[in-house]
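# Examination of the molecular architecture
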Amino acid sequence: MCTVRAIRLRSLFAAGRSQTLDLLSVSHPLHLCRSLLQHPCSPSFKNKGKDSTEMRRRRIEVNVGLRKAKKDNQMLKRRNVSSFPDDATSPLQENHNNQCTVNWSVDDIVKGVVPQLVKLLEASELPIVTPALQAIGSIVTGTDEQSQVVIDAGALAVFPSLLTNPKTNIQKEATWTMSNITAGRQDQIQQAVNHRLVPFLVGVLSKEDFKTEKEAVWAMTNYTSDGTVEQIVYLVHCGVIEPLMNLLTAKDTKIILVILDAISNIFQAAEKLGETEKLNVLIEECGGLDKIEALQNHENESVYKASLNLIEKYFSAEEEEEQNVVPETISEGYTFQVQDGTPGTFNF
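We now turn to the structure provided with this report. All values derive from a computational prediction rather than experimental measurement. (Residues numbered from 1 in each chain as written. Predicted model: local features only at pLDDT ≥ 70, side-chain atom pairs only at ≥ 80, totals over all residues. Heavy atoms only, no water.)

A separate point is a negative patch on the surface. A grouping of Asp-107, Asp-108, Asp-144, Glu-145 and Asp-226 is seen on the molecular surface, where their side chains present a negatively charged patch. When residues of the negative patch are traced back to their parent elements, those giving at least two are α3 (106-121) and α5 (144-152). Relative to the elements of secondary structure, Glu-145 occurs in helix α5. Assessed through its relative accessible area of 49%, Glu-145 is described here as partly exposed. (Patch = residues over 30% accessible without salt bridge, like charges linked within 9 Å, V, L, I, M, F, W, Y side chains within 5 Å. Areas by Shrake-Rupley, 256 points an atom, 1.4 Å probe, with all protein chains shown as cover. Salt bridge = Lys/Arg side-chain N within 4 Å of Asp/Glu carboxyl O. Lys, Arg positive; Asp, Glu negative; His and termini not counted. Charge placed at Lys NZ, Arg CZ, Asp CG, Glu CD. Helix = DSSP H or I, 4+ residues; strand = E, 2+ residues; numbered from the N terminus. Buried < 20%, exposed > 50% of the residue type's maximum accessible area, 1.4 Å probe, protein only.)

Structure follows, in structure tokens:
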């Protein structure tokens, strides 16, 4: 018994229109072929009445044309490739000898590109330094390993001149880059210390350009969030307290919160050394306590809570003094036994 069913076919000669055929679904495939040949959309009607020799000649011409076009396209690509050196000079280039594409990882590309970028940072021409610095800055927003590639390439040695560049945009980009390096590991923060970059970053906090100052605030907060107690002590010695306090009068709520976070981090380091009282004195002497107290009237609730927390925890007269350690007087200041048993000094 035969079953009738509808089959929708896409005709190659009907400009994408669909046609429906009622075909007999039987066991022998010849019935299906015959039905297709009888359909008005069948290709056989297009060439009906044409000589088979003529049709074969046309097919040969079409095939020859297609092969020629393909060859021309390949030659065009080869001419484009030949404009590059034969020997690959970076991981971005292909192996042209066998014309196969090498799949490089992001880390491979970074390792290949960074040394060249660092060399460009030393250029005197602004159109060269700016994009190179932006590229380096983008790389250090990645992983700690990628930031380490930048450090190992010697980039930090160039940053004293970048952080003091007369062009404000260069200063801002350099400070932004450093803010991402100080967000890294403690050994990477130490590299910034060893290259004497911390005093330069502190100096940027007092620049007249607020956009650059904001980047420096982020650099300081990242530094205090991830740095060791000794590294934070060094930051205080570099004079970070006063410029940070001065920026508490900024209208940017986010930056105020970031500064308060940095102050809290510094206090936590002072607590480990039993030196919160000396830190209080430093903050009061530069007018910082008045600015923190004024923030309790800030319209932003987060700013209000953060400033109130600092006041209650570190400046309240009713606060009981913590007697974690007893200082031993030395010629250069005071030596304290940190809670983890490591001696350290917090000489203000």
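Turning our attention to the packing of helix α10 (residues 210-226) against helix α13 (residues 253-273). Between α10 and α13, whose axes approach to 9 Å, the crossing angle comes to 30°. Here α10 lies roughly parallel to α13, going by the angle between them. The hand of the α10/α13 crossing is left-handed. Taking contact as the criterion, the partners of Phe-210, Lys-214, Val-217, Trp-218, Thr-221, Thr-224 and Ser-225 in α10 are, on α13, Lys-254, Ile-255, Val-258, Ile-259, Asp-261, Ala-262, Asn-265 and Ile-266. (Axes fitted to C-alpha atoms, helices over the stretch in contact; angles between N-to-C directions. Parallel < 35°, antiparallel > 145°, perpendicular 65-115°, else oblique. Left-handed = near helix turned anticlockwise from the far one by under 90°. Contact = heavy atoms within 4.5 Å.)

Further remarks concern the pattern of salt bridges. Any two side chains of opposite charge can pair, given that their charged atoms come close. Throughout the structure, instances matching the rule amount to five salt bridges. For the salt bridge of Glu-173 with Lys-172, the shortest nitrogen-to-oxygen distance reads 3.8 Å. When its relative accessible area of 12% is taken as the criterion, Glu-173 is described as buried. Taking relative accessible area as the criterion, Lys-172 reaches 22% and is therefore assigned partly exposed.

Let us now look at the environment of Ser-138. As for its placement among the helices and strands, Ser-138 is situated in helix α4 (residues 126-139). According to the relative accessible area criterion, Ser-138 is partly exposed, its value standing at 43%. Remark: the alpha-carbon pair of Ser-138 and Asn-180, spanning 42 residues in sequence, is separated by 9.3 Å.

As enumerated under the stated definition, the model contains two aromatic pairs in all. Between Phe-267 and Tyr-314, the aromatic rings sit 4.0 Å apart at their centres with planes inclined by 10°, giving stacked as the arrangement. Remark: Tyr-314 occurs in helix α16 (residues 301-315) and Phe-267 occurs in helix α13; sequence separation between them is 47 residues. On the basis of relative accessible area, Phe-267 is assigned to the buried category, the value being 0%. Residues Phe-267 and Phe-315 carry aromatic rings whose centres are separated by 5.6 Å and whose planes lie at 85° to one another, so their mutual orientation is edge-to-face. Residue Phe-267 is found in helix α13, and its partner Phe-315 is found in helix α16; the two are separated by 48 residues along the sequence. Comparing Phe-267 with Phe-315, the two get one shared label, buried. Here the aromatic cluster, defined as three or more aromatic residues joined through ring pairs, consists of Phe-267, Tyr-314 and Phe-315. (Phe/Tyr/Trp six-rings, centres within 6.5 Å; stacked < 30°, edge-to-face > 60°.)

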